[in-house]
Amino acid sequence: MTSVSGKIDPVVRRITSADIAEALGQGLRDFQAVPLYGLAFGALYAGGGMVILLSLTAFDMIYLAYPLAAGFALLGPFVAIGLYEVSRRREAGQPISMRGIWSTVKSRGEIGWMALVTVFFFVIWMSQVGFLLALLIGLKASFSNLREFITMALTTNEGVLFLAIGNAVGAALSLILFSLTVVSFPLLLDRDVDFVTAMVTSVRAVVTSPIPMIGWAVVIAVLLIVSALPYFLGLLVTLPVLGHATWHLYRRIVASDALS
């Protein structure tokens, strides 16, 4: 089968839960081997979340902290690009430096298109949160603090409906974006393919091993959301371990060029 660029599509292999466990172990070892790079990218991700959180506080919109924490996880695959490159370089025995990482990422033009896809989903997520708030709670609704918003969400019919619909839509968006990106970003770093082929390959990977891959999606979502709750500080460790693990899982899913 050929891709839209006329090249042979990557070969996708079936994986099991054991592959995910081993990839997590490899990801942890990568982080332990070069922790400064993992901490740097984790700090970038956590710092971005903290800036947005402080902005919400400044504009008296702190009640959006929960949907923000959930939606912020959607940006993880894009932020973790540098971590994929660190793992790729370790695997290939190449020197690791921020300049080298940036040079490689910058040279992969198709990554920019994947970044737009990721940001687009984040915008949709936050937009539907605002729409549901206006529809169910009211355009003029305001909350002085996060606790007041949580109380409303858990003790009123409108709040429960908001949580139910919002979480359902969020889960659907997250699953779609996960399917499009779980293999895409590592593949674009590793090979000369277009971003459409990368997304199609990523979806094929999920369809080929649906239960393990959905399990991996749940692991990522839960760890990122929980790590984001204490002012995003848990992401300093969680993001790099998951990022490195994603690279190793990609290696298990997509056959090398020699086997394609």
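The model shown is predicted, which means the values in this text are computed figures rather than measured ones. (Residues numbered from 1 in each chain as written. Predicted model: local features only at pLDDT ≥ 70, side-chain atom pairs only at ≥ 80, totals over all residues. Heavy atoms only, no water.)

Visitor: Explain the overall build of the chain here, please?
Guide: For the chain, the count of helices and strands is 13 helices and 0 strands. Listing every helix and strand of the chain by position from the N terminus yields α-α-α-α-α-α-α-α-α-α-α-α-α. At 19 Å, the chain has a C-alpha radius of gyration in line with the 18 Å of a compact globule built from 260 residues. Restricting the contact set of the chain to residue pairs at least 6 apart, pairs at least 24 apart contribute 77%. Carbon together with sulfur atoms contributes 70% to the accessible area of the chain, which is approximately 12,600 Å² in total. (Helix = DSSP H or I, 4+ residues; strand = E, 2+ residues; numbered from the N terminus. Rg over C-alpha atoms; globule rule 2.2 N^0.38 Å. Contact = heavy atoms within 4.5 Å. Areas by Shrake-Rupley, 256 points an atom, 1.4 Å probe, with all protein chains shown as cover.)

Visitor: Help me understand the packing of aromatic side chains, please; the structure alone is not making it clear to me.
Guide: When we look at a pair of aromatic rings, we describe it by the centre distance and by the angle of the planes. By the definition in use, this model includes 4 aromatic pairs. Ring centres 5.9 Å apart and planes at 15° place the aromatic pair Trp113 and Phe195 in the stacked group. Taken together, the residues span a long stretch of sequence, with Trp113 in helix H7 (residues 110-137) and Phe195 in helix H11 (residues 195-208) at a distance of 82 residues. Relative accessible area serves as the criterion here: at 47%, Trp113 is assigned to the partly exposed category. Geometrically, the ring pair formed by Phe120 and Phe121 is edge-to-face, given 6.2 Å between the ring centres and 90° between the ring planes. (Phe/Tyr/Trp six-rings, centres within 6.5 Å; stacked < 30°, edge-to-face > 60°. Buried < 20%, exposed > 50% of the residue type's maximum accessible area, 1.4 Å probe, protein only.)

Visitor: What is the right way to read the packing of H7 against helix H9 (residues 157-181) from this model?
Guide: Angle between the axes and distance between the axes are the two parameters that describe a pair of packed helices. Running from N to C, H7 and H9 cross one another at 170°; their axes reach a closest spacing of 10 Å. Looking at the two axes, H7 sits roughly antiparallel to H9. (Axes fitted to C-alpha atoms, helices over the stretch in contact; angles between N-to-C directions. Parallel < 35°, antiparallel > 145°, perpendicular 65-115°, else oblique.)

Visitor: Sorry, what's going on with empty space enclosed by the protein here?
Guide: Take a probe with the size of a water molecule and roll it over the atoms, and the empty space left behind shows itself. What the rule picks out here adds up to 2 cavities of 30 Å³ or more. Roughly 70 Å³ of volume is contained in the largest cavity. Lining of the largest cavity is provided by Tyr66, Pro67, Trp125, Gln128, Val129, Phe162, Leu163, Gly166 and Asn167. Put simply, the parts of the chain that give the lining of the largest cavity at least two residues each are helix H3 (65-72), H7 and H9. Considering each element in turn, the lining of the largest cavity owes the most residues, 4 residues, to H9. Here the lining of the largest cavity is composed, by residue class, of 6 nonpolar, 3 polar and no charged. (1 Å grid on protein atoms, 1.4 Å probe; cavity = no way out; pocket = protein on both sides within 12 Å on 5 of 7 lines; lining within 4 Å. Points joined across faces, edges and corners; volume = space filled by probe spheres on them. Nonpolar A, V, L, I, M, F, W, Y, C, P; charged D, E, K, R; others polar.)

Visitor: Sorry, what's going on with the side chain of Thr201 here?
Guide: Here Thr201 shows up in helix H11. A polar contact of 2.8 Å, which involves the side chain of Thr201, links it to the backbone oxygen of Thr197. Residues contacting Thr201, with those up to four places away along its chain left out, are Pro10, Val12, Val183, Leu187 and Val254. (Polar contact = N/O pair within 3.5 Å; in protein donor to acceptor, adjacent residues only side chain to side chain.)

Visitor: Explain the side chain of Asp19 to me, please; I cannot follow it from the model alone.
Guide: Secondary-structure assignment places Asp19 in helix H1 (residues 17-33). The exposure class assigned to Asp19 is buried, which follows from its relative accessible area of 17%. A distance of 3.2 Å separates a polar atom in the side chain of Asp19 from a polar atom in the side chain of Arg252. Ignoring any residue separated from it by four or fewer positions in sequence, one finds Asp19 in contact with Leu249 and Arg252.

Visitor: Help me out: how do you make sense of the nonpolar core in this one?
Guide: Core analysis: the largest hydrophobic core is formed by 76 residues, its most contacted members being Tyr45, Phe162, Phe178, Val183, Trp216, Phe232 and Ile253. Ranked by residues supplied to this core, first place goes to H7 with 10 residues. What Phe232 contacts, discounting residues up to four positions off in sequence, is Ala46, Gly49, Met50, Leu53, Leu68, Phe72 and Ser227. (Core = buried A, V, L, I, M, F, W, Y, C linked by side-chain atoms within 4.5 Å.)

Visitor: Can you walk me through a nonpolar patch on the surface in this structure?
Guide: Among the surface-exposed residues, Leu175, Ile214, Val218, Val222 and Val226 lie close enough to one another that they form a single nonpolar patch of about 400 Å² accessible area. Per-element tally for the nonpolar patch: the top contributor is helix H12 (residues 210-228), with 4 residues. Tracing the backbone shows Leu175 in helix H9. On the basis of relative accessible area, Leu175 is assigned to the partly exposed category, the value being 39%. (Patch = residues over 30% accessible without salt bridge, like charges linked within 9 Å, V, L, I, M, F, W, Y side chains within 5 Å. Salt bridge = Lys/Arg side-chain N within 4 Å of Asp/Glu carboxyl O.)

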